Each structure stands twice: as structure tokens, then as C-alpha cells.
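# Inside the fold
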Amino acid sequence: MSNDLSQLKVGFIGAGNMSYGIVKGILKSGGINSAHVTVSAPSANNFPRFQEMGVHVVHSNNEAVSGSQLVFLAVKPHLIRTVVTEVLPHLTERHTVVSVAAGVTLETLEQLLPPGVGVVRLMPNLPCVFQEGALLFARGSSAKEETGALLKHLLSACGSVEEGPESWIDIHTGLSGSGVAFVYLFAEAMAEGAVKMGMPSALAQRIAAQTILGAGRVLRDSGKPPAVLRGEVCTPGGTTIYGLHALEKGGVRSATMSAVETATERARELGRK
Ligand SMILES: NC(=O)c1ccc[n+]([C@@H]2O[C@H](COP(=O)([O-])OP(=O)(O)OC[C@H]3O[C@@H](n4cnc5c(N)ncnc54)[C@H](OP(=O)(O)O)[C@@H]3O)[C@@H](O)[C@H]2O)c1
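Treat the numbers as computed from the prediction; the structure is a model and nothing was measured. (Residues numbered from 1 in each chain as written. Predicted model: local features only at pLDDT ≥ 70, side-chain atom pairs only at ≥ 80, totals over all residues. Heavy atoms only, no water.)

## Some details on the nonpolar core
By size, the foremost hydrophobic cluster in this structure holds 36 residues, and its most contacted members are Phe-12, Ile-22, Val-39, Phe-72, Leu-122 and Leu-155. Listing elements by their share of this core, those giving two or more residues are strand 1 (10–13), helix 1 (17–29), strand 2 (37–40), helix 2 (47–51), strand 4 (70–73), strand 6 (118–123), strand 7 (133–139) and helix 6 (145–154). Among the elements that line this core, the one with the most residues is helix 1, at five residues. For Phe-12, the residues in contact, after removing those within four places along its chain, are Ser-19, Ile-22, Val-23, Ile-26, Val-37, Thr-38, Val-39, Ser-40, Ala-64 and Phe-72. With 23 residues, the next largest nonpolar core counts Ala-101, Leu-109, Ala-138 and Ile-169 among its residues. (Core = buried A, V, L, I, M, F, W, Y, C linked by side-chain atoms within 4.5 Å. Buried < 20%, exposed > 50% of the residue type's maximum accessible area, 1.4 Å probe, protein only. Helix = DSSP H or I, 4+ residues; strand = E, 2+ residues; numbered from the N terminus. Contact = heavy atoms within 4.5 Å.)

## Examining the sheet that holds strand 5 (residues 96–99)
Taken together, eight strands build an open sheet; the order of strands is 3-2-1-4-5-6-7-8 and the sheet is mixed. Two strands in the sheet have a free side with no partner beyond their single neighbour: strand 3 (56–58) and strand 8 (159–163). Averaged over all pairs of adjacent strands, the angle between their axes in this sheet comes to 20°, without regard to strand direction. Note: strand 5 against strand 6, four bridges, orientation parallel. Within strand 6, the residue paired with Thr-96 across the bridge is Gly-118. The strands touched by helix 4 (residues 80–87) are strand 1, strand 4 and strand 5; relative to strand 4, the strand with the most contacts, the crossing angle is about 150°. Sitting on the sheet, helix 6 is in contact with strand 4, strand 5, strand 6, strand 7 and strand 8, with an inclination near 170° to strand 7. (Pairing = 2+ DSSP bridges. Axes fitted to C-alpha atoms, helices over the stretch in contact; angles between N-to-C directions.)

## Details of the site of the ligand
Residues in contact with the ligand amount to 24 residues; listed here are only the nearest, Ala-15, Met-18, Ser-43, Asn-46 and Val-75. A distance of 2.6 Å is found between an oxygen atom of the ligand and a backbone nitrogen or oxygen belonging to Val-75. One of the backbone N or O atoms of Ala-102 is found 3.0 Å from an oxygen atom in the ligand. Coverage of the ligand by the protein chains reaches 77% of its 900 Å² of free accessible surface. Split by residue class, the shell around the ligand holds 16 nonpolar, seven polar and one charged. (Near = heavy atom within 4 Å. Polar contact = N/O pair within 3.5 Å; in protein donor to acceptor, adjacent residues only side chain to side chain. Areas by Shrake-Rupley, 256 points an atom, 1.4 Å probe, with all protein chains shown as cover. Nonpolar A, V, L, I, M, F, W, Y, C, P; charged D, E, K, R; others polar.)

## Concerning a nonpolar patch on the surface
Taken together, the side chains of Phe-186, Met-190, Leu-247 and Val-252 make up a nonpolar region of the molecular surface, amounting to roughly 280 Å² of accessible area. Mapped onto the elements, Met-190 comes out in helix 8 (residues 179–196). Judged by relative accessible area, Met-190 falls into the partly exposed class, the value being 32%. (Patch = residues over 30% accessible without salt bridge, like charges linked within 9 Å, V, L, I, M, F, W, Y side chains within 5 Å. Salt bridge = Lys/Arg side-chain N within 4 Å of Asp/Glu carboxyl O.)

## Some points on the state of the cysteines
If you walk through the whole model with that rule in mind, you get zero disulfides. In this model Cys-158 remains outside any disulfide bridge; the closest cysteine sulfur is found in Cys-128, 4.3 Å from its own. (Disulfide = S-S within 2.5 Å.)

## A word on unusual backbone geometry
Most peptide bonds adopt trans geometry, and most residues besides glycine take a negative phi value. For Gln-131, which is not a glycine, the phi torsion comes out positive at approximately 60°. Looking at the secondary structure, you find Gln-131 in the loop between strand 6 and strand 7.

## Here's the deal with the side chain of Arg-121
When you line up the elements, Arg-121 lands in strand 6. When its relative accessible area of 4% is taken as the criterion, Arg-121 is described as buried. Among the polar contacts made by the side chain of Arg-121, one reaches the side chain of Glu-166 at a distance of 2.8 Å. Filtering out sequence-adjacent residues up to four positions away, Arg-121 remains in contact with Ser-99, Gly-103, Val-104, Thr-105, Leu-106, Leu-136, Phe-137, Ala-138, Glu-166, Ile-169 and Asp-170.

## As for the packing of helix 8 against helix 9 (residues 201–222)
A packed helix pair is summarised by two numbers, namely the angle formed by the two axes and the spacing between the axes. Orientation of helix 8 relative to helix 9, taken along the N-to-C sense of each, is 135°, at an axis distance of 8 Å. When the axes of helix 8 and helix 9 are compared, the pair comes out oblique. Where helix 8 crosses over helix 9, the two elements pack in a sense that is right-handed. Across the interface between the two elements, Val-183, Ala-187, Met-190, Ala-191, Ala-194 and Val-195 of helix 8 pack against Ser-201, Ala-204, Gln-205, Ala-208, Thr-211 and Ile-212 of helix 9. Its residues assigned to classes, the contact of helix 8 with helix 9 comprises nine nonpolar, three polar and no charged. (Parallel < 35°, antiparallel > 145°, perpendicular 65-115°, else oblique. Left-handed = near helix turned anticlockwise from the far one by under 90°.)

## Description of the packing of aromatic side chains
All told, the structure shown has two aromatic pairs when counted by the stated rule. On the basis of an interplanar angle of 5° and a centroid distance of 4.6 Å, the ring pair of Phe-12 and Phe-72 is categorised as stacked. A residue pair is termed long-range when its members are at least 10 positions apart, and Phe-12 in strand 1 and Phe-72 in strand 4 qualify at 60 residues. By the burial criterion, Phe-12 is buried, and Phe-72 matches it. Taking the centre distance of 6.0 Å and the plane angle of 90° together, the rings of Tyr-20 and Phe-50 count as edge-to-face. Of this pair, Tyr-20 sits in helix 1 while Phe-50 is found in helix 2, placing the two residues 30 residues apart along the sequence. Across the pair, Phe-50 and Tyr-20 agree in class, each one buried. The side chain of Arg-49 reaches across the aromatic face of Tyr-20, ending 4.4 Å from its centre. (Phe/Tyr/Trp six-rings, centres within 6.5 Å; stacked < 30°, edge-to-face > 60°. Lys NZ or Arg CZ within 6 Å of the ring centre and 35° of its normal.)

Structure follows, in C-alpha cells:
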């Protein structure tokens, strides 16, 4: 694969939300020419937002693959086999294929693809669309270390990008893919608490969102463990320790651990099907 980003051509099969978030991030990370990015999908429904970024849009998956060195598979998991079979004649050892399809393992992808094609499994989450995603990828046996470094650079504007063994992908799905919904539930409950105490609902939701965003930024950017930050907010005998006690009595810690555990197990189960 070309190390000269200005020459690198990138294809996307699928023009949905994930492709949109990743294309936006790749172009923002710098070095890639938007005219060197091709996105394919059966309908033109999602094309305008890609065209606005100067990206080439086509209906032919083969066209998205044949001119590209890096190919993202961003269709629903049940379509992976169909689209790979369709583009197979155009895939060579010079290609690296990155799949974002939930539950589709490296083993399955490597069986479907010709030997020597570099394969990467990438798990983004929804905030990727707002460049605040949490992404984890695992490389297959033919994908080189340099490919990992290139992906880390290209995806850096999508959010945080980590690399790990494939066994972490399902855990990442439980923690971060599903985790987004766990945080929404918490936001909803916080806002409802404020409504109960007399605040208008829309205002309570805005403040809950900003509280979660602010807490997340402090947690990420300070590098301090959550328990330390929590301690810093607790004045002895103050409001926060009273509230935290109520959360502990309600079993929030245990319920949250179980939520990540059960979502991970479900991801593993779906991957086996
Ligand atoms: N959304 C998430 O939060 C999330 C998180 C992690 C992983 N993922 C994974 O990301 C993948 C894509 O999800 P998404 O949310 O982006 O889906 P999506 O918004 O539903 O988009 C799917 C895209 O696939 C296109 N498509 C359908 N059949 C096709 C075919 N035969 N050839 C080429 N393109 C075809 C659709 O075309 P049209 O535009 O014509 O309908 C659409 O553009 C899934 O495998 C999912 O598991 C999603």
C-alpha cells in the first residue's frame, strides 16, 4: 500500500452512517485527496453528503475496489459475503480490506478473501459520525504493522483509535458500541431527576448532555482514573457524596458492570451465528 497519502486511493462499499463518519474523519486527518475516495451503494439516497465532501460516488462496488488500495466494507453484516463475492475478481495482494461489520470475524473474512489480501476488523461506535468515536481494530495475519500505523493516522480524526487482539472487539462492542446507549439511559435518568425537582425537561436534558460531555472530556484529557476524579468532587458531608451513596444503594456500579458483561456475551453469541 502506498505510504504517500496523496497517492493513496480509498474505496468504501456502503454509503451509510459508518462510511460517512469514517470518510469525514479520513479527509480531516489530512493528506488524502477527496477525489481519491470512492463510495459505492445501490441507491443514490446517501450520495449528496459524500458529494459535498468532494468524494466520488458510484453504484458499482467493483469500481470502488478496482482503483483503490484500501477498501472499507461498510454494509450490514449479512451482506458481507455477497459484496465480497461480487468484488473478488478485483481484489489482489496490493489491497487491504477493512471491515466494520459487527460480528464478522477475521477468520470469516480471510476465508472469503484471496490469500495475501491484508484484512483488518474495525469496530467504531456511533459518535464516530461526530468525530468523537471510540475505535478499536484488530489486524489479520496478512495485514502488516505499517497498515496499523496508517489506519491510526487516517482514523485519528474519527475519535480515539486503539489496536488490540480480535478477542477485544466484542468487549469493545459491549463497552463502547452499546456503552453509548448506557450513557443515554443515565442522561435520561439524570434529567428526569431534575424534572422531579422542578426543572423544565428540555433544559434538564441539555444540562445532562453537557454534564456528560464535560465529565467525559475531563476524564479523557486529565488521564486521571475515574475514582480519583470522583473523589475530587466530593466535599465531606457535601451534596455529591450523598448522591453517590444513593447510586451505590441502587446498585448502579454492579448493574453497569453486568450491562457491559452481558452486551459482550451477546456480541460473542451473534458472532458465532
Ligand atoms: N451504526 C453503528 O453505530 C455501527 C457501529 C459499529 C459497526 N457498525 C457496522 O457498520 C456497518 C454499516 O452500518 P451503518 O450503520 O453504516 O449502516 P447503514 O447506515 O444502514 O448503511 C448501509 C449502507 O450499505 C449500502 N448497501 C446495501 N446493500 C449494498 C450492496 N449490495 N452493495 C453496496 N452497498 C450496499 C446501503 O445502500 P443505500 O444507501 O442504497 O441504502 C447503505 O449505504 C454494519 O455492518 C454495522 O454492523 C455500525
